[in-house]
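# Coordinate inspection notes
Below, each chain spelled out in residue letters.
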Amino acid sequence: MQKFKSFKLSLNKKIPLDKFLEKALYEPEIGYYNKKNPFGKDGDFVTSPTISNLFSEILAIWIISFWEKFEKPKIFNIVELGPGDGSLTKILVQTFKKFPELNKSVKIFLYEKSNLLKNIQKKKIKNKKVKWIKNFHSIKKGPVIFFGNEFFDALPIKQFIVNKKKFLEKHYVVNKKGLMETYHKASPTDISVLKTFDVLKNQSFIEYPKLGFIELNKIVKKITSLSGGVLLIDYGYLKPFNGNTLQTVMKNKKVNIKNLYDYVGKADISYLVNFNLLKEFFKKKNLKVKNIVTQKFFLETMGIMERARIVEKKMNDQQKKDMYLRLKRLLHRDSMGELFKVILAYNYKKNNFLGFD
Ligand SMILES: C[S@@+](CC[C@H](N)C(=O)[O-])C[C@H]1O[C@@H](n2cnc3c(N)ncnc32)[C@H](O)[C@@H]1O
């Protein structure tokens, strides 16, 4: 066994890309999400809940509207997937207090893999209503809404080259020269699953979120048995994209991906979500799916500008300027407004959920 940089890989033993990313991002004490707090101005990237509280307030309002559509059940479960530094749920808890009937019914669960982030969340959200869970077994009664901002793009993916109907999977291997990228025959199980997706037909390069789908399978099971939905917001695309979307971000800048190993534990590695693949996945599982919308459409339809005009009344000029600059970042089409998309899959008799067309 050779100790290569920050985590161990046996010499000449190949490891698939997703297993490599899993170690790079989540290995205890070494993986990126277990080593440092990546969020905020001293971190590596900012996400919508850390840009503006208005984002989280709008999510709170959306969740309340979802609860109303379910005819205000007495037990209503909400699960934040990958809560990061806890900014979003902190605002949810504050907002829900203004809605006593909902607040009495709601059970809040946080699903977080990183122990370091879990501790940060626990310090930020000191509220007895909020419970941290490792699986969804304790959610037994009442509808459930799962939601995640930039959750899915943080789950490791597999990559394949398809050439003359042959599927080759990307691996890494450590040899005397260092870390090398190699391609090997894909497993028959993966090939047969890939072939079932219309969205992946005719692609010569495929990104497949196998671990992401394992997570979603657990979520779909709960939604199917209890009713409810899953709302995912992520950086992703709708038009077919036939290439590598892995990106490495450090200090708010993209860094060269060629030397991935140099960035293990130091940079975030994510990918762009193929939203039509997600949609096809949910439909295969017999969930209904709303038309995918942009973050701009979702937030504006939910009234973020109206909310801003109420909030600004208590602000001085500098605070107002700052708030609108942050809103611009969330909504502008060249920043997050159109790059980020929102998908809702659900199991319920009604279809008219707010925020979608
Ligand atoms: C890119 S961060 C997004 C954080 C936060 N939602 C935000 O918008 O600021 C991804 C989050 O998902 C968590 N995560 C990744 N894989 C996970 C898994 N399999 N189970 C639970 N949490 C996971 C990470 O630790 C982190 O909190």
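Residue numbers restart at each chain and count upward from 1, following the sequence in its written direction. The predicted nature of this model means local features are confined to residues of pLDDT at least 70 and side-chain atom pairs, given and counted, to a pLDDT of 80 or more, with totals for whole chains, interfaces and linings taken over all residues. With hydrogens and water stripped out, all remaining heavy atoms of the structure feed into the side-chain values.

## Some details on the nonpolar core
Keep this limit in mind: What makes a nonpolar core is a set of buried Ala, Val, Leu, Ile, Met, Phe, Trp, Tyr and Cys residues whose side-chain atoms join them at distances within 4.5 Å. Only protein chains enter the calculation, and the probe is 1.4 Å; a residue is then buried if its accessible area is under 20% of its type maximum, exposed if over 50%, and partly exposed in between. By the convention used here, residues are in contact when the closest approach between their heavy atoms is within 4.5 Å.
The biggest cluster of nonpolar side chains holds 65 residues, and the ones touching the most others in it are Val79, Leu278 and Phe282. Ignoring anything within four residues of it in the chain, the contact list for Val79 reads Phe109, Tyr111, Ile133, Phe136, Ile139, Val144, Ile145, Phe146 and Phe147. Among the nonpolar cores identified, the runner-up in size contains 46 residues, and Ile58, Leu88, Val106 and Leu330 belong to it.

## As for the site of the ligand
Defined as follows: Each residue is tested against the molecule or strand, and it is near if at least one of its non-hydrogen atoms lies within 4 Å. In protein, a polar contact requires one atom able to donate a hydrogen and another able to accept it; more generally it is a pair of N or O atoms within 3.5 Å, and residues adjacent in sequence count only if both atoms are side-chain atoms. Each accessible area is a Shrake-Rupley result for a 1.4 Å probe, and residues are judged covered by the shown protein chains and nothing else. In the cavity and pocket records, a cavity denotes points on a 1 Å grid over the protein atoms alone where a 1.4 Å probe fits but cannot get out, a pocket denotes an open set with protein on both sides within 12 Å along at least 5 of 7 lines, and lining residues are residues with an atom within 4 Å of a point. Here the criterion for a molecule occupying a pocket or cavity is that more than half of its atoms lie within 2 Å of the pocket grid points. Asp, Glu, Lys and Arg are counted as charged, while Ala, Val, Leu, Ile, Met, Phe, Trp, Tyr, Cys and Pro are counted as nonpolar; the rest, among them Gly, fall into the polar class.
The environment of the ligand is formed by 20 residues, the closest being Tyr26, Thr47, Gly82, Glu112 and Asn149. Lys113 places a polar main-chain atom, nitrogen or oxygen, 3.2 Å from a nitrogen atom of the ligand. In the complex, 97% of the free accessible area of the ligand, which totals 590 Å², lies under the protein chains. A majority-of-atoms criterion places the ligand in the largest pocket. Partitioning the shell around the ligand into residue classes produces 10 nonpolar, five polar and five charged.

## Brief notes about helix 5 (residues 87-96)
The condition is simple: The numbering of helices and of strands both runs from the N terminus, where a helix is a DSSP run of H or I of at least 4 residues and a strand a run of E of at least 2.
Of all 10 residues making up helix 5, eight are buried, and the element is well covered by its neighbours. Every buried residue of helix 5 is accounted for by Ser87, Leu88, Thr89, Ile91, Leu92, Val93, Thr95 and Phe96.

## Structural notes on the pairing of strand 12 (residues 228-237)
This is how it is decided: Two strands qualify as a pair provided that DSSP identifies no fewer than 2 bridges between them.
Counting buried positions along strand 12 yields nine of 10 residues, so the element is predominantly enclosed. Bridging between strand 7 (residues 144-149) and strand 12 involves six bridges; their strand directions are parallel. Counterpart to Gly148 in the pairing with strand 12 is Leu232. In the sheet, strand 12 pairs with strand 16 (residues 273-274) via two bridges, with the strands oriented parallel. Directly across from Gly236, in strand 16, lies its bridge partner Val273.

## Here's the deal with helix 9 (residues 210-226)
Test applied: Expected span of a helix: the number of residues minus one, times 1.5 Å.
An ideal rise of 1.5 Å per residue puts 24 Å on 17 residues; helix 9 measures up with 25 Å between its terminal C-alpha atoms. Every buried residue of helix 9 is listed here: Gly212, Phe213, Glu215, Leu216, Ile219, Val220, Lys222, Ile223 and Leu226. Residue Ser227 follows helix 9 closely and has a positive phi angle near 75°.

## Observations regarding the side chain of Gln203
Secondary-structure assignment places Gln203 in the loop between helix 8 (188-195) and strand 11 (205-208). When its relative accessible area of 12% is taken as the criterion, Gln203 is described as buried. Within polar-contact distance, the side chain of Gln203 engages the backbone oxygen of Phe205 at 3.3 Å. Of the polar contacts made by the side chain of Gln203, one reaches the backbone oxygen of Phe241; its length is 3.3 Å.

Geometric descriptors of this kind do not, in isolation, establish any biological role.
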